[in-house]
Amino acid sequence: MVGHNTQATSTPSHFSFGPVVNPRLDPTLVTPLDFERKASVAIVRTELEYAKEILCQGLQQHPNDVNLLRYLGETLTKQGQIDKALLVLMEAMKIDSFDCNVLGALGKVLIIMNRATDAKGFFLAAYRVDGQKASTAYHWMHACMCESDWSFFPELKNILRLGDSAPQNVEPFSLLSVTDDPGLLKMRTEKRCRALMQFCKEDLKKLPDLRRDKAEGRRIKIGYFSNDFHNHATMDLLGRFFELHDKNRFEIYIYDYKAESDNEILKGIKANADHYLSVSELSDFELAERARQDGIDIAIDMKGFTRGGRMASFAYRCAPVQVAFLGFPGTTGLSTMDYMIGDQVTIPAGSRKLFSEKILYMPECYQPNDRWRQRPKVVSRADEGLPKDKFVFCSLNNPNKITPADFDVWMSLLKEVPESVLWLLAPEEGLQKNLTKEAEDRGISGDRLFFANRVPNEDHLARFGVADLFLDAFNCNAHTTASEAVWAGLPIVTKAGKQFAARVCSSIVAAAGCPELSVDTVEDYKALALKLATDPEAMAEMRQKLQDNLMTTALYDSEKYIRDFEALMEMAIARHDAGDKPKHMMLKPPA
């Protein structure tokens, strides 16, 4: 056994990560708990290599400690070393196969490996071991939703309640599809972020000062923070956004969380930015430090609580004005996030209290779109494996958005429109089996369901053209998918809910000049879908209206969008420079 003050070590013989040499290690670390605490702080700070070194050092002294192995597996997962993480976690499971934290960590690795069915089994096992663990419960719920396995719904109230005692373990993104409750979302995100702010508090004094020259008379330094600067839905929406930015008024910084890659989208972004920085190796603290050193005026968080988001950097405050934009469709709950981009449909005045941020209101839709994107190519129903002579309802949303309540209405429509089928995005066999069973349980033959695979974006856009009507999900609407459907001329029926995520599609169809496609109740949703499915004249009129409006309404007016966006940014930084606190702001209509 190596002594605890040893400087050069390696992990136990069944792992091979090379020697660990780190003079920063505290020689007083002796017990497994000592190493766990030290490593957990490093993990939260995203100092992952340091965390790994601490854990490897600890495993030299305590090779069979399950928690140290689990922390090491989770650290490797965060570093993207998935195969090694799986080996480490399987070793931990050999020691204690009933440790719910290990089971949950294995589930997370399997999700990344696109093995949702296996992951779900591990999350369920963890939940059965300890039904009071918020993290594993939320992951089990999300894994089930990804497979349209709704067996967890009887446990939903208990799962939602778990966040009361462990807010830091709540997964806000998982909340969006299972409940339309913006008050609950705000409570959960604010509690989670209070814990984050408390953690960051001690290090704040180490950061360089935010003092800077006022923006008046010079270009505004605006930083965009994301890991999606590649072939991603966010970039599909943005299109030529960075190209259209007024370089005489704004100095553009790109902070890319992802390791730099050679892709065409990133090349275009680099060509249209003043500064590109690959920051994947920086900790959250170091990222905030770098942004402050760069003198950023406005930091735009394009991730929120989506995968790869770095909320801690915004807790440290990257810039004097921080804005949540596009990535997470709900409040961040972070006290240092000054603003959120919205519109009067997604965030009506009466809903502002449900957001921790002040709202910067875009005049039409909050969502950018690219009017120069490729027009959909023409495909046939035969190409997509669909019947030629049936009315095709579709919902090409991510399947994790579908709930039993949505499916009840859709099956009711199939009953009332006998010569119809439903086309769903369901690339995995297990998902297809679950949806088929749910249909048959509601009295609908499984052969009336058709399943689409994930395909390149060009093919995805094209296939909208062979459907007749898109049926939106209730709690978490189609977002990017909705504007794609509109681009392809496919009518989409939606219901405006309460939370931001449940109102996005209503904003999109309103900006496309077709607000009548959005209704307020389930009954009206069904009635509208039924009318369009059974009244060919009404359907033809709606399709023609969408087509006529496409290039003449706000949704795809990319140039006006960026000018309005820039005007809001100027208002936000001017307000800060005047010494005023953030407030809800919108552009004045032209005289």
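Our structure is the block above this text.
What counts and what doesn't
Residues numbered from 1 in each chain as written. Predicted model: local features only at pLDDT ≥ 70, side-chain atom pairs only at ≥ 80, totals over all residues. Heavy atoms only, no water. Helix = DSSP H or I, 4+ residues; strand = E, 2+ residues; numbered from the N terminus. Rg over C-alpha atoms; globule rule 2.2 N^0.38 Å. Buried < 20%, exposed > 50% of the residue type's maximum accessible area, 1.4 Å probe, protein only. Contact = heavy atoms within 4.5 Å. Areas by Shrake-Rupley, 256 points an atom, 1.4 Å probe, with all protein chains shown as cover. Core = buried A, V, L, I, M, F, W, Y, C linked by side-chain atoms within 4.5 Å. Pairing = 2+ DSSP bridges. Salt bridge = Lys/Arg side-chain N within 4 Å of Asp/Glu carboxyl O. Axes fitted to C-alpha atoms, helices over the stretch in contact; angles between N-to-C directions. Parallel < 35°, antiparallel > 145°, perpendicular 65-115°, else oblique. Nonpolar A, V, L, I, M, F, W, Y, C, P; charged D, E, K, R; others polar. Right-handed = clockwise from strand over helix to strand, strands pointing away. Left-handed = near helix turned anticlockwise from the far one by under 90°.

**Student:** Teacher, can you tell me more about the overall build of the protein chain here?
**Tutor:** Within the protein chain, the regular secondary structure consists of 24 helices and 16 strands. The C-alpha radius of gyration computed for the protein chain amounts to 25 Å, which stays within 12% of the reference 25 Å derived for 591 residues, consistent with globular compactness. By principal-axis analysis of the C-alpha atoms, the protein chain measures approximately 80 × 65 × 40 Å. Across the 591 residues that make up the protein chain, the buried fraction comes to 56%. Put simply, of all contacts in the protein chain between residues at least 6 apart along the chain, 69% involve residues at least 24 apart. About 24300 Å² of surface is accessible on the protein chain, with carbon and sulfur atoms providing 50% of the total.

**Student:** Could you clarify how one ought to interpret the nonpolar core in this entry?
**Tutor:** For soluble globular proteins, the rule of thumb is that nonpolar side chains tend to be buried together. If you look at the biggest cluster of nonpolar residues, it comprises 165 residues, and the most contacted ones within it are Tyr 224, Phe 407, Phe 565 and Met 569. Ile 43, Tyr 71, Val 102 and Ala 105 belong to the second-largest nonpolar core, a separate cluster that totals 27 residues.

**Student:** Looking at this structure, how should I read the sheet that holds strand S3 (residues 220–226)?
**Tutor:** To summarise the sheet geometry, strands pair through backbone hydrogen bonds and adopt either a parallel or an antiparallel arrangement. Ordered in space as S5-S4-S3-S6-S7-S8-S9-S16, the eight strands form an open sheet in which the pairing is parallel. In the strand order of this sheet, the two ends are held by strand S5 (275–278) and strand S16 (585–586), each with one partner. In the sheet, strand S9 (residues 358–361) pairs with S16 via two bridges, with the strands oriented parallel. Within the sheet, the bridge partner assigned to Leu 360 lies in S16 and is Met 585.

**Student:** I would appreciate a short explanation of the sheet that holds strand S10 (residues 391–395) in the present structure.
**Tutor:** The six strands lie next to each other as S12-S11-S10-S13-S14-S15, forming an open sheet whose pairing is parallel. Bordering the open sheet on either side are strand S12 (449–452) and strand S15 (518–519), each of which pairs with just one other strand.

**Student:** Even after reading the chapter, I still don't get the side chain of Thr 481, so can you show me in this structure?
**Tutor:** Locating Thr 481 in the fold gives a position in helix H20 (residues 480–487). The class of Thr 481 is buried, set by a relative accessible area of 14%. Apart from the residues within four sequence positions on either side, Thr 481 is in contact with Leu 396, Asn 397, His 460, Phe 464 and Phe 470.

**Student:** Just checking my understanding: could you explain unusual backbone geometry for this structure?
**Tutor:** Glycine aside, negative phi is the norm for most residues, and most peptide bonds take the trans geometry. For Asn 114, which is not glycine, the phi dihedral falls at a positive 60 degrees. Along the polypeptide, Asn 114 turns up in the loop between helix H5 (100–112) and helix H6 (116–129). The phi dihedral of Leu 326 falls on the positive side, at around 80 degrees, and the residue is not glycine. Structurally, the position occupied by Leu 326 is in the loop between strand S7 (321–324) and strand S8 (339–342). Relative accessible area serves as the criterion here: at 15%, Leu 326 is assigned to the buried category.

**Student:** Sorry if this is basic, but what is going on with the pattern of salt bridges here?
**Tutor:** When charged atoms on two side chains of opposite charge get close, those side chains can pair. By the definition in use, this model includes 42 salt bridges. Residue Arg 115 pairs with Asp 118 through a salt bridge whose shortest N-O separation is 3.1 Å. Take Asp 118: its relative accessible area is 36%, and that puts it in the partly exposed class. Salt-bridge contacts for Arg 575 lead to Asp 580; the nearest nitrogen and oxygen are separated by 4.0 Å. Through salt bridges with shared partners, a single network forms among Asp 246, Arg 249, Arg 563, Glu 566 and Glu 570.

**Student:** Which parts of the structure should I look at to understand the environment of Trp 423?
**Tutor:** Following the sequence through the fold, Trp 423 ends up in strand S11 (residues 420–425). A residue is classified by how much of its surface remains accessible, and Trp 423, at 1% relative accessible area, is buried. When the C-alpha positions of Trp 423 and Ala 452 are compared, they lie 7.0 Å apart, and in sequence the two are 29 residues distant.

**Student:** Is there a simple way to explain the packing of helix H22 (residues 522–534) against helix H23 (residues 536–549) in this structure?
**Tutor:** For any two helices packed against each other, the geometry is given by the interaxial angle and the distance between the axes. Closest axis-to-axis distance for the H22/H23 pair is 5 Å, and the angle between their directions is 100 degrees. Between H22 and H23, the angle is such that the two are roughly perpendicular. Residues Lys 531, Leu 532 and Thr 534 of H22 pack against Pro 536, Ala 538, Met 539 and Met 542 of H23. Each residue belonging to the contact of H22 with H23 can be placed in one class, and the counts come to five nonpolar, one polar and one charged.

**Student:** Would you mind showing me how to read the pairing of S12 here?
**Tutor:** A regular strand places its side chains on the two faces of the sheet in alternate fashion. Pairing of S11 with S12 involves four bridges; the strand directions are parallel. Paired with Leu 422 across the strands is Leu 449, a residue of S12. The β-α-β motif built from S11, the intervening helix H18 (residues 429–441) and the parallel element S12 has right-handed crossover chirality.

**Student:** For this particular structure, what's the right way to read H20?
**Tutor:** Each full turn of the α-helix corresponds to 3.6 residues, which orients residues three or four apart in the same direction. With eight of eight residues buried, H20 lies mostly within the body of the structure. Those residues of H20 that fall on the buried side of the exposure criterion are Thr 480, Thr 481, Ala 482, Ser 483, Glu 484, Ala 485, Val 486 and Trp 487. Check the buried side of H20 and you find it contacts helix H11 (233–238), helix H19 (457–463), strand S13 (469–471), strand S14 (492–495), helix H21 (504–511) and H23.

**Student:** Whenever I open this one, the side chain of Glu 147 confuses me. Can you help?
**Tutor:** Inspection of the secondary structure assignment puts Glu 147 in the loop between helix H7 (134–146) and helix H8 (156–161). Leaving out residues up to four positions away in the same chain, Glu 147 has contacts with Ala 116, Thr 117, Lys 120, Leu 431 and Asn 434.

**Student:** Is there a simple way to think about the pairing of S10 in this case?
**Tutor:** For S10, a buried count of five out of five residues is recorded, marking the element as mostly surrounded by other parts of the structure. Burial of the side chains of S10 extends over both faces: Phe 391, Phe 393 and Ser 395 are buried on one face and Val 392 and Cys 394 on the other. As paired elements, S10 and S11 share five bridges and run parallel to each other. Bridge pairing in S11 links Cys 394 to Trp 423. You can see the chain leave S10, run along helix H17 (residues 404–416) and come back into S11, and the turn it takes is right-handed. Looking at chain direction, S10 and S13 are connected through two bridges and run parallel. The partner of Cys 394 across the bridge, within S13, is Phe 470.

**Student:** Looking at this structure, I do not really get the packing of H6 against H7. What am I missing?
**Tutor:** At a minimum axis distance of 8 Å, the contact between H6 and H7 shows a crossing angle of 145 degrees. Where H6 crosses over H7, the two elements pack in a sense that is left-handed. Residues Lys 120, Phe 123, Leu 124, Ala 126 and Tyr 127 of H6 lie in contact with H7, whose contacting residues are Thr 136, Ala 137, His 139, Trp 140, Ala 143 and Cys 144. The residue makeup of the contact of H6 with H7, split by class, is eight nonpolar, two polar and one charged.

**Student:** For this particular structure, what's the right way to read the environment of Cys 394?
**Tutor:** One can find Cys 394 in strand S10. Sequence separation of Cys 394 and Trp 423 is 29 residues, and the distance between their C-alpha atoms is 4.4 Å. Beyond its immediate chain neighbours, meaning those up to four positions away, Cys 394 contacts Leu 422, Trp 423, Ala 467, Leu 469, Phe 470, Leu 471 and Leu 490.

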